[in-house]
Each structure stands twice: as C-alpha cells, then as structure tokens.
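# Topology and contacts: notes
Listed here are the chains, written in short residue letters.
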Amino acid sequence: MNSNKRIQQILVLLIIVAMIPVFYVAYQRIQVEEQARQVEIVIDTEEIYLSAAGLGNREQYLNALADFKAAGATTATLYQKTMKLLEERGDISVLEYPEAATLVRSQPEGALATLIGGPLRPMSHYILVDDLQIFDHMTHSLARAMQEFGWKSFRNDSLGVLEIPSAYWDLYEGVGLWYDQQELREYIDAGFLIQLRPANRPGITAEELLEEYRPLVDSGKVTGVVVTGTKLPGTEELSGKIAEYSQPQSAFTAFVDLLRKENWYYGLVETMTQLDSIHLTGDEVLLQSLDFQAVRVYAIQRAELDKKDWLTEKGIEERWLRAAVDRNIRVVYLRLFENQLKNQEDILSLNQRIVSSGVESLRHAGFTIGKASSLQPFHLVGWMILLPLALAWTGVLFLMQWGVEGKPWIWWSLLVLVTPIALVAGYLARSSGGVGGSWVSMRQLLAFAAQVLFPVMAGIFAMKQLERKQNLLQGWILACGSFLIVFSGGVLLGTVMSDNAFMLELQYFRGVKIGFLLPLLILGLWYFTRYGFEFRSPVTSRGWVEMRRDLKQLLASPITVIWAGFAVVAAGALFYYVLRSGNASVQAISSLELQMRAFLERVLVARPRNKEFLIGYPSLLLMPVFAKWGQRFIVGPLLALATVGWVSVVNSFAHVRSGMWISMTRGFWGIALGVILGFLAVGVLLLLSRLVRRYWEEGGEHAKTGS
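The next thing to look at is the overall build of the protein. Per the secondary structure count, the protein includes 28 helices and 12 strands. Of all 707 residues assigned to the protein, the portion counted as buried reaches 51%. Partitioning the intrachain contacts of the protein with sequence separation of at least 6 by distance along the chain shows that 80% fall at a separation of at least 24. Put simply, the protein shows about 32600 Å² of open surface, and 60% of that area lies on carbon and sulfur atoms.

Set out below in structure tokens:
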C-alpha cells in the first residue's frame, strides 16, 4: 500500500511537469489573442438609405451618415449592386410576364410596348430602368450571360428594358453587378472606412473581377469583405453549376489573392444561435488559403430586431459587449433598430445613440475601435505531441483511486503503456492548417476527456481531504485545492483546442450535455464504492459484499413522502441542469438572473458563471460543517452540487472563441465570489443552528418548570 501511495506521489509530480508545456502554450495563445483587440463598428448603409429616403433628398442621407460617424461608427458598407437591391431602392422595376402583358394591353402605345415593338415572351421577367446609366452598368455586367443565353435588351433615350427568361431569375436576381464609385467617394469623404459587400456573379473571369476591384484597391480605405448570398465570387458557372474554382487562373483564386495582397479580412457572420458561422461555397478553401485571416461578425437578426418588446437600447449595447468579450467578435454590424418608432428621424437618432453607447462600453472593456484585427495564424504542431501526457497520467492516477490493491508493477506497467499512447494521440492531433480533418476529431476527443476527468479528480481530492480533517476552515482548503485541479484541466482543454479553426468557431467542442452529466455519474459511483450511501469516516474496508448489502437495504427501504418529494426535486434539478448546459436560450433564464448577469458583466467584464460562485463553492464550504456535525447523509448531495461548479470551470475553456485569458479570469472571479458566499453561508448556518439550539433548550426549560 505504501508503494502504491509512492506511485501516486510520483504521478502527481509527473502531471505537474507535464502541465508546464500546457501553460506555455496557453501563454502563447493569450499573446496572440491580446494582439487582436480592435473592434470595427459597421453601419449598414442600405438600411440607412432606405430609412433616410423618407427624410427627403440625398443630402439628408449623407447628413445622417455623418451623425453615425460622429457617434463612433468606423465603417460604411459598400454593396455590390444587385437587381434585388436596385429593386428595393426603386431604381428598377421588375415585372413578371402577366404584369408586363397587362401593362402592354392597358397601354398599347406606352413606353414598354413601343420600345419592345413586338409580342412579349411568356415565362419571362422584364426589368424596366429609366436611369440609363444604371441600365448600361447592368447590361455591361451581364454581357456574357446575355450573349450565352440570348437574353434581349431594348433601349431608347429614356428607358431601358432587359428581358430575362424566368428560369434564370432566381439565379441572377442577387448576382453582383458593379460598385457605385460615387457612393465610394461620398463615404470616404465622410471619414468612413469601407467594408465591401460583394455577391457572386456566375461566370465572371479573373480579369473582370480584378478590373472591378481596381478602384476599390486604389482608394486604400477598404478593411474587408462580408459576402452576401450563399457563394463566394468566382465559384459558379454561367449556368449556375459549381465551377472548378480552385484552379490557379480562376476568378475565385484572383479574389483570394486580392484579399491576401491587400490585407482585407474575410468576415465570418455568426449564426443566429451564436454557434458556428454561416458557411458559403468556397469558404473552406479561402480560409485555408488566407491561413485563417478572418474575423467574426455579429449582427442582430432582423427577426429579433422587429420582435415586439424583445430588445431595448441598453440590451443591444450589452449584446455588443458580450459579443466582443465572450465570442471573439471583431466586427459589430449595426442593423437599424426601430423599436416600434414611426418617425424616421427618431429611428436614426435611436441607432446613433446605440452606436455611441456601444462604443463607450467596448472601450471601457479594454477594446480599441478601428479596423477589425484578425487573429494571427495559431496552429499546434510540435507542442501538440506533448499536451496529452498530462491527461494520460491523470487518467492513471484516477484509476488508482478506486481502492484496487494492485501490485506496484501493474501501475508502473500501465504508466509505461499510456505514455506512448498519449504521444501518438498528440501526434495525430497536430494541426494540418485546414478547417477540418481527423486532427479535429482527435482534439475534440482529448478535450472531452479533460472535461470529464478533472472535475472527478477534484471531487476525489475534496473527499479524501474531508476524511482527514473536518473543521470549519477545511472548506477553504477544499475550495483552493479543487480549483487548482479543475483550473488546470480547463487550461489543458483550452490549449488542446487552440487553433484558428476553433478560435474562429469553425470547429467547436462536442459532447456538452454528456460532458456535464458524466462527471456526476462517475463521481457518484466512486462515492458509493468508497462510502456507501452515507459518508463514513474513517473509511472502512468496502468490497462487493458491503456494496451489495447497501443496495439491498436501499431497495428494501419504504418510499416515504419525504423521499418521493426529494426524488421529484432531484429529477427536476437534473433536468434544469442539463437544459441550462451549453448555450441556453434566453427564454430559459429568469429576468432576475438576466439582471444579475448584466450587472456582473458591467462590473467585472469577465462574468463568473452562476454554477460556480452561487452553487459549487458554497456547497463545498458547507461540506465540512455537516460532516463535523455528524449529518453525513448531506455530504453526498453537497458533493454533487460542488461537482456542478467544477464542471462549469472546465467547460468555460471549451468556449475557445472567448479567449484563454477571459476563461481564466472567469475562474478566478468564480472562486473569489464563491468562497465569500460560501463563508457567508457557513456563518448563516451556524447562526441558525445556534438559534434553533437555543429555542429547543428554552423549550425544555419551560417544560421542566411547567410554564
């Protein structure tokens, strides 16, 4: 037994040594993340244009933009014109065949009938343009499609008409046509940087694409691109089929080279669930070609903005802050929030205030405002081989805690066996610099193992310490020791998943729900095998006979109302625990908790998790109190609650998008506030126990005196 204890001590020393490269890689990642602290505030010029159109003329639109610039916006969007966008602006009219035929019949001498001079074609769309400059831009951009498919165009001194077969309309309605150079100059003159909003144009050549972007390059004001539609430029043939876009002379390759040469970022738009990003055809090839020089973009969806009594001005400001702090968002994209207002000036003023307060909040949190800064390439190749060693050796230490009296050579053999396995796992988990691959699955597996193993080891440590000593200050040792274990496990998890693919959330942690449940189940099983259903100290020898006896006793116990009620409460708590694991919907969170969250986020920026400082650590500090009082049946449930907190500490690092230092800071605040609340809980418990004891003593005295 002494030999096994010595092996455990050696294992602890080996784990500490193995954690040195883990913390070194964590430090490297922190350095990379700290260099990407600049947030870009982008306004959607098309939404502002449509909103300001009710104010009168273009001068008032430009004045509205100037007000947004004064409020702190850095960047204006420059959309590549599409027929859909031009129709929304009212610059063109799109008529389907029945509408066009009705117009010709009602006005046989009208402009449309006169210009076409013949019968209309069924199953066709007719685009009417009275601004001939716009018409010329359209026909120039669509010249190859018009020639290939035989589309017709008609033009006189006052009207242009483009006839497109309806079968092509869905494909070509949203294609990128041209960038308006006048708008470009106006936005630059107003002091804005420019974010391009390109769209794919089927069949575009590399020469056409480069010619189109030359004025934008010459401006020197472009920061990056956020593509509209579902495909990147150059990925589609004229017919709509996916092109062989990765070829050296393709338009797609020219687009990628342009981004790389000009240092323009590629914007990854976060999905509504705040998990992953919207994926476009060609983006994996682009990201690998750019070595992940991309930024995450956050825009509140229109469905949320228009939902009645859902968002507030202050709420949007807090969302911006959480996006930058928690999710590595570096482009905050303003879509107009109307808040049921009708007056256009009021709507614009409201959104200008949102920009101003949002910028102030971001600066208060330590961010700078300007062109979005992307994460530098960060891939683990050499160091990755060593990272699983700490995990493997911790696994051996875990197996030794089950009371198996194996001979020392068994444990030495196991240690020798798992070491090369860990090195092989690290080798297989080396980054290929790609978005996906087998290395991703290996890292996810290693991260999941850390998520499960370290909270269990924290629980085992706490219980073994509780066996040795049970006093009111023992909770401090339990809290600090267990925190060091789960904090190390969290850092290990975070370093294993350190790669641009995870940091940009193109890949993410798998198995959140089971990762929250499994530590509870494993630690519960270990608790039963060591202590039975009740914490007994000192530990007596327990084998299959004792465990079978306890199970029989449990199954033979009568079901009382108290135990039935306890089972219902426990089942409800477990369901709510699983429901709240991962990205819980805001609808599942009470308004009081939301207010508390908002307060902590404003004060601490890196808000600790409720499971840690409200549940985990206070429960841990109460365990020695109840053990000392002899109320040992309460220790088990308190251990389960403490495990909830430990799981949360490790899981914080699974949100790789948040940044390593943010996750670390959450853990520090969690234990600091948790220990304070824990000591307060202990004080309240001692006070209540004293009052109850005094009450019963006084009751006994009254009974003796007969009063």
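Back to the write-up after that little detour.
Across the five residues that make up strand β7 (residues 193–197), a large majority, four, are buried. Across five bridges, strand β2 (residues 75–79) lies against β7 in parallel orientation. Considered in β7, the bridge of L78 is made with L196. Here β7 pairs with strand β8 (residues 222–225) via three bridges, running parallel. The residue of β8 that forms the bridge with L196 is V225. What joins β7 to β8 is helix α11 (residues 206–219), and the crossover it makes is right-handed.

Right, let's talk about the sheet that holds strand β4 (residues 124–129) for a bit. Each strand in a sheet pairs with its neighbour through backbone hydrogen bonds, running either in the same direction (parallel) or in the opposite one (antiparallel). The sheet built from four strands is open, its strands ordered β3-β4-β6-β5 with antiparallel pairing. Every interior strand has two partners, whereas the edge strands, β3 (93–96) and β5 (152–155), have only one. Taken pair by pair, the neighbouring strands of this sheet meet at an average axis angle of 20°, ignoring direction. Pairing geometry for β3 and β4, over four bridges, is antiparallel. Across the sheet, residue L95 finds its bridge partner in β4, namely Y126. Here helix α5 (residues 97–106) sits on the sheet and contacts β3 and β4; the angle it forms with β3, its principal contact strand, is near 95°.

Attention now goes to the packing of aromatic side chains. To describe a pair of aromatic rings, you give the distance between the ring centres and the angle between the ring planes. In the structure shown here, the tally under the stated rule is 21 aromatic pairs. Between F149 and Y168 the ring centres are 4.4 Å apart and the planes differ by 35°, which places this aromatic pair in the tilted class. Taken together, the residues span a long stretch of sequence, with F149 in helix α8 (residues 143–149) and Y168 in the loop between β6 (160–165) and α9 (169–172) at a distance of 19 residues. Note on F149: relative accessible area 22%, which makes it partly exposed. Ring plane angle 65° and centroid distance 6.4 Å describe the contact between W661 and F668, whose orientation is recorded as edge-to-face. Accessibility expressed as a relative area gives 44% for W661, which makes it partly exposed. Through successive ring pairs, a cluster of aromatic residues spans F23, F483, F487, F653, W661 and F668. Above the ring of Y49, the side-chain terminus of R89 is found at 3.9 Å from the ring centroid. Seen from the ring of Y427, R430 lies directly overhead, with NZ or CZ sitting 3.8 Å from the centre.

On the surface, a cluster of nonpolar side chains totalling about 490 Å² of accessible area is made up of L614, I615, L641, I676, L677 and L680. Breaking the nonpolar patch down by element, the ones donating at least two residues are α26 (610–628) and α28 (660–705). Here the nonpolar patch takes three residues from α28, the largest share from any one element. Within the secondary structure layout, L614 lies in helix α26. A relative accessible area of 40% means that L614 is categorised as partly exposed.

Tracing the chain through its elements places E99 in helix α5. Given the relative accessible area of 44%, E99 is considered partly exposed.

Reading the values: rules and limits
Residues numbered from 1 in each chain as written. Predicted model: local features only at pLDDT ≥ 70, side-chain atom pairs only at ≥ 80, totals over all residues. Heavy atoms only, no water. Helix = DSSP H or I, 4+ residues; strand = E, 2+ residues; numbered from the N terminus. Buried < 20%, exposed > 50% of the residue type's maximum accessible area, 1.4 Å probe, protein only. Contact = heavy atoms within 4.5 Å. Areas by Shrake-Rupley, 256 points an atom, 1.4 Å probe, with all protein chains shown as cover. Pairing = 2+ DSSP bridges. Right-handed = clockwise from strand over helix to strand, strands pointing away. Axes fitted to C-alpha atoms, helices over the stretch in contact; angles between N-to-C directions. Phe/Tyr/Trp six-rings, centres within 6.5 Å; stacked < 30°, edge-to-face > 60°. Lys NZ or Arg CZ within 6 Å of the ring centre and 35° of its normal. Patch = residues over 30% accessible without salt bridge, like charges linked within 9 Å, V, L, I, M, F, W, Y side chains within 5 Å. Salt bridge = Lys/Arg side-chain N within 4 Å of Asp/Glu carboxyl O.

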